[in-house]
Amino acid sequence: MKRIEIGALLRWAYTRELPKVHELRQVFGQAPNGVVSAHGAVREAGMLGTVVDLPDNVWGVVPDFTAETLPHPDALRIAEAVEALAGCEPDWPEGWNPLADLGLGDEAGAAVARAHDRVFVVGADGRRRMRRGAVALVRKHAILGGVPDWEADTPVRKVVLGPKGKPAWFRRDVIQGVDGPVEIEVDGMDRRLRIPMPDAYQKHWWDPDPADVVVARAEYQLWRAALGLLVEALAGALAEHEATPSPWPAEPWLEGVPESARVLPDLALVHSPAAARRGRRRVRA
């Protein structure tokens, strides 16, 4: 058995072996369940008299039509384990804070809340899913290398400016609407005296937006948790390889942050590939 770190094993499968599969996901508008061979696409291209861009094969990689051998059986088992990650359901627990290293104070909670709707989407079946799920993240970095970008510049708090580049002032006012009084936000400057009104206030924003950092780090943690699940799922399932854990930490941004300042997340994955045959369970990310 050849022991290989899970990231390197995924790269081997997706860049060297899985391109040898020529069955395509979709050709000329056919649904994915009507898989056809690449040779059919070549015939269609000849009939049309033009070069047609071929879609990815059934494992999400561009097929290698020059391959003279079939993919290694272990690569196929790896791809099946990756596809099984589609059954994972990330959990977003209350109090999860991936911004402890940025020193944002109370703003961290607000940024996490804003990021929630950027991370998740509710499908037609009512299930909540991440916009970029575990399968897509694992496949992407198996093909392109690297890891999801978790690093971030410390956001700078800036004041909202007016049309002339000076700090803007705002105030709340009440007007009579169709259905009754309505509170609106209006200019807070006294234009005659050129000073802010007594009840005026300023507004601020963060550059860059820390909510974007939350999204990136949520994807990183999902990717890292998926690697752990794959190591578990592939244990004893491969003929010539053994997957070893990834050296990447679950929260690289917390290196050097005191233990007391850490709020460990519970970005859980439900229904892991290894648990597919024995029911639902939770696995800590």
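Residues numbered from 1 in each chain as written. Predicted model: local features only at pLDDT ≥ 70, side-chain atom pairs only at ≥ 80, totals over all residues. Heavy atoms only, no water.

Before going further, it helps to spend a moment on the confidence of the model for the protein. Summarising the model, the protein shows a mean pLDDT of 80, and 79% of its residues fall at 70 or more. Within the model, pLDDT remains below 50 along residues 26-52, and this stretch shows 25 contacts once partners closer than five positions in the same chain are excluded. Segment residues 263-285 is flagged for pLDDT under 50; beyond a separation of four residues in sequence, or across chains, it makes 62 contacts in the model. (pLDDT = per-residue confidence, 0-100. Contact = heavy atoms within 4.5 Å.)

Quick look at the layout of surface pockets now. One number sums up the size of the largest pocket: a volume of about 430 Å³. Taken together, 13 residues make up the lining of the largest pocket; nearest its centre are Lys164, Lys166, Pro167, Met189 and Arg191. Grouping the constituent residues of the lining of the largest pocket by class yields 6 nonpolar, 1 polar and 6 charged. (1 Å grid on protein atoms, 1.4 Å probe; cavity = no way out; pocket = protein on both sides within 12 Å on 5 of 7 lines; lining within 4 Å. Points joined across faces, edges and corners; volume = space filled by probe spheres on them. Nonpolar A, V, L, I, M, F, W, Y, C, P; charged D, E, K, R; others polar.)

Turning our eyes to something else, we now look at unusual backbone geometry. That bond from Asp207 to Pro208 is cis: its omega, 0 degrees, falls within 30 degrees of zero. Note on placement: Pro208 falls in the loop between β9 (204-207) and α6 (210-234). At Arg194, a position not held by glycine, the phi torsion is positive, near 60 degrees. Here Arg194 shows up in the loop between β7 (189-190) and β8 (195-196). Residue classification places Arg194 among the exposed positions, given a relative accessible area of 71%. (Helix = DSSP H or I, 4+ residues; strand = E, 2+ residues; numbered from the N terminus. Buried < 20%, exposed > 50% of the residue type's maximum accessible area, 1.4 Å probe, protein only.)

Here we come to the side chain of Ser246. Note that Ser246 resides in the loop between β10 (241-244) and β11 (269-270). Not counting residues within four places of it along the chain, the set of residues in contact with Ser246 comprises Glu5, Ile6, Arg224 and Leu227.

We now examine the packing of aromatic side chains. For any two aromatic rings, the description comes down to two numbers: the centre-to-centre distance and the angle of the planes. Scanning all chains against the criterion turns up 7 aromatic pairs. Each ring, one from Tyr220 and one from Trp253, has its centre 5.8 Å from the other, and the planes form 75 degrees; the classification is edge-to-face. With a gap of 33 residues between them, Tyr220 in helix α6 and Trp253 in the loop between β10 and β11 connect regions that are remote in the sequence. The exposure class assigned to Trp253 is buried, which follows from its relative accessible area of 3%. Taken together, the aromatic side chains of Trp150, Tyr220, Trp223, Trp248 and Trp253 make up a single cluster linked through ring pairs. Positioned above the aromatic ring of Phe170 is the side chain of Lys203, whose terminal nitrogen or guanidinium carbon lies 4.3 Å from the ring centre. (Phe/Tyr/Trp six-rings, centres within 6.5 Å; stacked < 30°, edge-to-face > 60°. Lys NZ or Arg CZ within 6 Å of the ring centre and 35° of its normal.)

Bringing the pattern of salt bridges into the picture now. Counted by the stated rule, this structure contains 16 salt bridges. Among the salt bridges present, the one from Asp212 reaches Arg118, with a minimum N-O distance of 2.5 Å. One end of the pair, Asp212, is in helix α6; the other, Arg118, is in helix α4 (residues 107-119), with 94 residues separating them in the sequence. Overall, Arg118 belongs to the partly exposed group, its relative accessible area being 34%. Measuring nitrogen to oxygen at the nearest pair gives 3.6 Å for the salt bridge that ties Glu219 to Arg132. Highlighted residues: Glu219 in helix α6 and Arg132 in the loop between β3 (128-130) and α5 (134-144), separated in sequence by 87 residues. The exposure class assigned to Glu219 is buried, which follows from its relative accessible area of 15%. One connected set of salt bridges, linked through shared partners, spans Glu107, Arg114, Arg118, Asp209 and Asp212. (Salt bridge = Lys/Arg side-chain N within 4 Å of Asp/Glu carboxyl O.)

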